[in-house]
Amino acid sequence: MAVIRVHDVTKKFGNFTALDKINLEVNQGEVYGFIGPNGAGKTTTIRILLGILKATSGTAQVFGLDAWADAVEIHKRIAYVPGEVSLWPNLTGGEVIDLFVKLRGPNNKSRREELIERFDLDPTKKCGTYSKGNRQKVALIAAFASDADLYILDEPTSGLDPLMELVFQECIAEVKAAGKSVLLSSHILSEVEKLCDRVSIIRQGRIIESGSLQELRHLTRTQVRVETAQPIPNLSELAGVYDLQEFEGGATFQVDGVHIGEVIKYISNYGILALESAPPTLEDLFIHHYQKEG
Amino acid sequence: MPKQLFNSTRTLAGLILRRDRIQIPIWIISIVAATVALAAMFPQLYPAGPERQVIAQIMQNPAMTSMVGPGYGLDDYHIGAIVAHQMLLFTAVVVAIMNILLTIRHTRRDEEQGRIEVIRSLPVGRLSNAAATMLVLTIINITLGLLTGLGLGMLGLEGMTWAGSFLYGAVLTVVGIFFAATTLFFAQLTETSRAALGYSFAFLGLSFLLRAIGDTSSETLSLLSPLGLVLRAQVYVNNYWWPIWIVLAAAALMTLAAFRLNTIRDLEAGFFSAKPGPAHASRFLQSPLGLVLRLEKTVIIAWAVGMFVLGASYGAVFGDVEAFIQSNDLYQQMLPNVEGFSVTDQFVAMLLSVMSMVAAIPTLLVMLKLRVEEKASRTEHLLARAISRPQLMASFLVVSLLVAIVMQVLSILGLWSTAAASVENPFALGKTIAASLVYVPFMWILVGLAVTLIGFAPQQTSLVWLYLGYTLFATYFGSLLQLPDWMAKLTPWGYIPNVPLEPASAGTILPSLLIAGGLIAVGMHGYRERDIHG
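How each quantity is defined
- Residues numbered from 1 in each chain as written.
- Chains lettered and ligands numbered in written order.
- Predicted model: local features only at pLDDT ≥ 70, side-chain atom pairs only at ≥ 80, totals over all residues.
- Heavy atoms only, no water.
- Helix = DSSP H or I, 4+ residues; strand = E, 2+ residues; numbered from the N terminus.
- Rg over C-alpha atoms; globule rule 2.2 N^0.38 Å.
- Buried < 20%, exposed > 50% of the residue type's maximum accessible area, 1.4 Å probe, protein only.
- Contact = heavy atoms within 4.5 Å.
- Core = buried A, V, L, I, M, F, W, Y, C linked by side-chain atoms within 4.5 Å.
- Patch = residues over 30% accessible without salt bridge, like charges linked within 9 Å, V, L, I, M, F, W, Y side chains within 5 Å.
- Areas by Shrake-Rupley, 256 points an atom, 1.4 Å probe, with all protein chains shown as cover.
- Salt bridge = Lys/Arg side-chain N within 4 Å of Asp/Glu carboxyl O.
- Pairing = 2+ DSSP bridges.
- pLDDT = per-residue confidence, 0-100.
- Domains from an automatic or database assignment.
- Buried area = accessible area lost by both parts, 1.4 Å probe.
- Polar contact = N/O pair within 3.5 Å; in protein donor to acceptor, adjacent residues only side chain to side chain.
- Nonpolar A, V, L, I, M, F, W, Y, C, P; charged D, E, K, R; others polar.
- Axes fitted to C-alpha atoms, helices over the stretch in contact; angles between N-to-C directions.
- Parallel < 35°, antiparallel > 145°, perpendicular 65-115°, else oblique.
- Arc of directions from axis to C-beta.
- 1 Å grid on protein atoms, 1.4 Å probe; cavity = no way out; pocket = protein on both sides within 12 Å on 5 of 7 lines; lining within 4 Å.
- Points joined across faces, edges and corners; volume = space filled by probe spheres on them.

The next point concerns the overall build of chain B. The number of helices and strands found in chain B is 25 helices and zero strands. Relative to a compact globule of 534 residues, whose C-alpha radius of gyration would be 24 Å, chain B shows 25 Å and is just as compact. Each principal axis of the C-alpha atoms in chain B carries an extent, and together these give about 80 × 70 × 40 Å. The burial tally for chain B puts 52% of its 534 residues in the buried class.

What follows is the structure in structure tokens.
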């Protein structure tokens, strides 16, 4: 069942097209990664899903309801953490967390205290004195303390230290285990790789790739290092082989996902002594896409 | 060593001038222009002759003295003496406010925002930013003083000599530099710009109060206040320069103290650390309405006190008002003659009109806070939760509408409290409060206008301030400058019955309520349909 369904959504700011017919579908119980460089349209998409911006055309639905018209109904069941957390300088972190939790629905006290402890936040300090990371913690605690069905997180860990990032990843795992859905926009690709079931890559207002990480990997190249008994002739002429570097008794090269079978078959004729292959990281994937398109 | 502390000061001063290239000229030009324009009106307001002596009498009454400072040169009360006596103190206060705002903006606020950190990572001295700020403000204050002196001197009015005019300007210059220095000092003590602003304004308020008490009771107290001290220059009469040098020396000492504190403290730290607050939100805070009240608490309380004091200061002069108005042709021109009402009633009617426009300021501040929150990207926290836009807007609206009522009632209570002490038969309290409430629906029209702007032209919400400014101009100066009637009729105030002189009928109240309601409904619709920016 789709929790988020975005169909052909376009958003224009004056003459500038921020989003160009994007499509997105997040299913129940899924952690969905949303990646792309700055200014690609991630935050605009999220704001349309929140009913803060109105799509110029297309439909954006959350829980089968219209993101714009039924915003309040939808928001009773979602928790949101913005990328840039701006808080009231003269309220304390504890007050803001309580306010946010209260504005969503029933207050869950025990969860709040537990999260404050896990994220190591001093709730008596005024928000004006918090660092970026601490403001982010306030928003994260308020989000995870509430019992939502969908978590929309816009680059939630950009200011957190590695320890807190771990706590964050635990929280996501718990939420996922409870069958909730998450839309996670992020720059930290290793994090997306670790947490997400499926990802979409957005670039200049267009979704250029969507699917599971496995599916996406097929579209890119695998790094291969091989040592053989006999030298491999004409390796560079095989389809799908790139960046070939030969050395005494072996070679390293990249190979397209779709050609990997043929290439391995070919080199096995020359007596493989050692073979290492590394799947492309999301980072490779990402850079691959940008180089291809750019 | 000292050289390194001030490295690149001039470059930073250039940066400040560049950042404020619009703001600084606006401050200087408006203060100078207002001073010269108002001074030019004085010969018309106070024609020579025996009436002047009546005014001299009034100037000696303690209520007036506490408001504008001690009178001097009363035996030959020429225009120069009147101008300096009535205007210098208030102009100095405005200059002080300008210096406080600009100093905080370039010191603690920049530091809080992390901008100084970037600057300090460059080969820039530890004191360079503080020194650059003081340098720029000194230049601003000297320019302001010279231009004021030049403008006043060129008027060439009776008793307004060149020497006196430049002393008048010098008073503004040293008061400005002094408050820039004290603000710089407070900016070292506190961790936040809000707190630094609070201390600086409290210090200004204290200086004013000390002078008010001192001027009416003990001279020594006044000499302790920089504002009291500069009035002893007796501009245009005796032209004493010694207060100038004392205040300047005090400013230099404050600057040195601030520099000293700046060199021994850490960046982004203060000497008063921020106090921890509650770990939990009170039950009261847990709704949008509670949040609005909590955020605007300080503003509302400060304005409530201000409105009461404003009313009280008008009330204090009630005793002399009849004598004053009867002796002053110009005020008689401003007051309509109505059979069966005393001059006091007419004065009340005029005050109601003026005070209601002042009371409209906090009313609008609360409503426009919604836009401030949006610009700071804080409304999205609320709208991303189960809060609808009408609900969010209504929270600000309700508080704004109530503030209008509260401010009106408080100004009348203030007026009554001191009037009761100075007159034998003050006006009837209940009746006057009722009269002040007649203004409320018209104030709500301004709120409605603000809501409409928030809904449809969120970038242009400041237009409502322009409109309020026009209203003040057209209403207050309309009869004085004999402006055509339609100019006042362009504002809500042009339609308000002249209570308590005229009865208020449902025929005027109902339409204004309808207009206010209509504007609010339209604005809400716009707010519901537009994108939230931030």
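Moving on, we come to the side chain of Ser165(B). Its place among the elements puts Ser165(B) in helix α10 (residues 162–189). If we ignore the near neighbours within four places in the chain, the residues touching Ser165(B) are Gly149(B), Leu152(B), Gly153(B), Met160(B) and Tyr236(B).

Okay, the nonpolar core next. Judged by nonpolar contacts, the single largest core of 146 residues is most densely connected at Trp88(A), Phe144(A), Ile152(A), Leu153(A), Phe168(A), Leu183(A) and Met367(B). Judged by nonpolar contacts, the second largest core, of 83 residues, contains Met64(B), Ile140(B), Met160(B) and Ala170(B).

Time to look at a nonpolar patch on the surface. A grouping of Phe284(B), Leu289(B), Leu293(B), Val398(B) and Leu402(B) is seen on the molecular surface, where their side chains present a nonpolar patch of about 430 Å² in accessible area. Structurally, Leu402(B) is set in helix α20 (residues 389–422).

Working definition: the strands of a sheet are paired by backbone hydrogen bonds and lie parallel or antiparallel to each other. All names here are of chain A. The strand order across the open sheet built from four strands is β2-β1-β4-β5, with neighbouring strands paired in antiparallel fashion. This sheet does not close on itself; its edge strands, each paired only once, are β2 (16–27) and β5 (65–66). Sheet topology note: the strand β1 (residues 2–13)/β2 ladder contains eight bridges and is antiparallel. Looking at β2, one finds that Val6 is bridged to Leu24.

Okay, the pattern of salt bridges next. Residue and element names in this part refer to chain B. Per the stated rule, a full pass over the model turns up 32 salt bridges over all chains. Between Arg115 and Asp110 there is a salt bridge, with its nearest N and O atoms 2.8 Å apart. On the basis of relative accessible area, Asp110 is assigned to the buried category, the value being 5%. The partner of Arg371 in a salt bridge is Glu374, and the shortest N-O contact between them spans 3.3 Å.

So, about the confidence of the model for chain A. Confidence along chain A averages 88 in pLDDT terms, with 97% of residues attaining 70 or more. Here helix α10 (residues 282–293) of chain A stands out as the least confident element of chain A, with mean pLDDT 70; strand β4 (residues 57–62) of chain A is the most confident, with 95.

On domain assignment, one finds that chain B holds domain 1 (2–264) and domain 2 (284–529). Summarising the inter-unit geometry, the C-alpha centres of domain 1 of chain B and domain 2 of chain B are found 30 Å apart.

A separate point is the interface of chain A and chain B. Reports often express the size of an interface as the amount of accessible area lost when the parts come together. Chain A puts 39 residues into the contact, and the matching count from chain B is 37 residues. Carbon and sulfur atoms make up 56% of the surface buried where chain A meets chain B, a total of about 3500 Å² over both sides. Sorting the residues of chain A by area buried against chain B places Ile52(A), Trp88(A) and Leu103(A) first, and these three jointly supply 20% of that buried surface. Seen at the junction of chain A and chain B, the total is four salt bridges. Lys11(A) is the salt-bridge partner of Asp531(B), the closest N and O atoms lying 2.4 Å from each other. Applying the counting criterion to the chain A and chain B interface returns 24 residue pairs in polar contact (both at pLDDT 80 or more). Only β1, α2 (71–75), β6 (78–81), α3 (93–104) and α4 (109–118) of chain A provide two or more residues apiece to the side of chain A that touches chain B. Broken down by element, the side of chain A that touches chain B gets its largest block of residues, eight residues, from α3(A). For the side of chain A that touches chain B, the residue count by class is 19 nonpolar, eight polar and twelve charged.

Turning our eyes to something else, we now look at the packing of helix α18 (residues 343–375) of chain B against helix α23 (residues 463–476) of chain B. Residue and element names in this part refer to chain B. Contact geometry for α18 and α23: axes closest at 11 Å, N-to-C directions at 175°. With respect to their mutual orientation, α18 and α23 come out roughly antiparallel. Between α18 and α23, the contacting residues are Ser353, Val354, Met357, Ala360, Ile361, Leu364, Leu365 and Leu368 on the first element and Val464, Trp465, Leu468, Thr471, Leu472, Thr475 and Tyr476 on the second. Taken together, the residues of the contact of α18 with α23 break down into twelve nonpolar, three polar and no charged.

Attention now moves to α4(A). Residue and element names in this part refer to chain A. All of the buried residues along α4 are Arg111, Arg112, Leu115 and Ile116. End-on view of α4: buried residues confined to an arc of 135°, all on one side of the axis. In α4, those exposed residues whose orientation departs by more than 90 degrees from the buried face are Ser110 and Glu117. Immediately downstream of α4, the backbone of Asp120 shows phi near 55°, a positive value.

Here we take up the domain arrangement of chain A. All names here are of chain A. As assigned here, chain A comprises domain 1 (2–213) and domain 2 (219–293). Distance from the C-alpha centre of domain 1 to the C-alpha centre of domain 2: 38 Å. Contacts between the two partners involve twelve residues from domain 1, matched on the other side by ten residues from domain 2. For the domain 1 and domain 2 pair, buried surface summed over both sides reaches about 1000 Å², with 73% attributable to carbon and sulfur atoms. If you sort the residues of domain 1 by the area they bury against domain 2, Leu189, Arg203 and Glu209 come out on top, with a joint share of 45%. Summed over the shared surface of domain 1 and domain 2, the number is zero salt bridges. In this assembly, domain 1 and domain 2 are joined by zero residue pairs in polar contact (both at pLDDT 80 or more). Going through the elements one at a time, α7 (189–195), β9 (198–203) and β10 (206–212) are the ones with two or more residues in the side of domain 1 that touches domain 2. By residue class, the composition of the side of domain 1 that touches domain 2 is eight nonpolar, one polar and three charged.

All names here are of chain A. Position of Thr157 among the secondary structure elements: in the loop between β7 (150–154) and α6 (162–177). Residues Thr157 and Val255 lie 98 residues apart in sequence; the distance between their C-alpha atoms is 33 Å. Once residues within four sequence positions are removed from consideration, Thr157 is found in contact with Gln136, Glu165, Phe168, Ile188 and Glu191. Here Glu191 takes part through its side chain, which lies 2.9 Å from a polar atom of the side chain of Thr157.

Attention shifts here to the sheet that holds β7(A). All names here are of chain A. Read from one edge of the open sheet, six strands run β6-β7-β8-β3-β9-β10, paired in mixed fashion. The open sheet has two edge strands, β6 and β10, and neither has a second partner. This sheet shows a mean twist of 15° between the axes of neighbouring strands, independent of strand direction. Direction of pairing for β9 relative to β10: antiparallel, over a ladder of six bridges. Of the residues in β10, the one forming a bridge with Arg203 is Arg206. Together, β6 and β7 form the strand contacts of helix α5 (residues 132–145), whose direction differs from that of β6 by roughly 170°.

All names here are of chain B. Within the structure shown, the criterion is met by four cavities of 30 Å³ or more. Where the lining of the largest cavity is concerned, the elements lending two or more residues are α8 (115–120), α9 (128–155) and α10. Residue contributions to the lining of the largest cavity peak at three residues, all from α8. In the lining of the largest cavity, the residues fall into six nonpolar, five polar and four charged.

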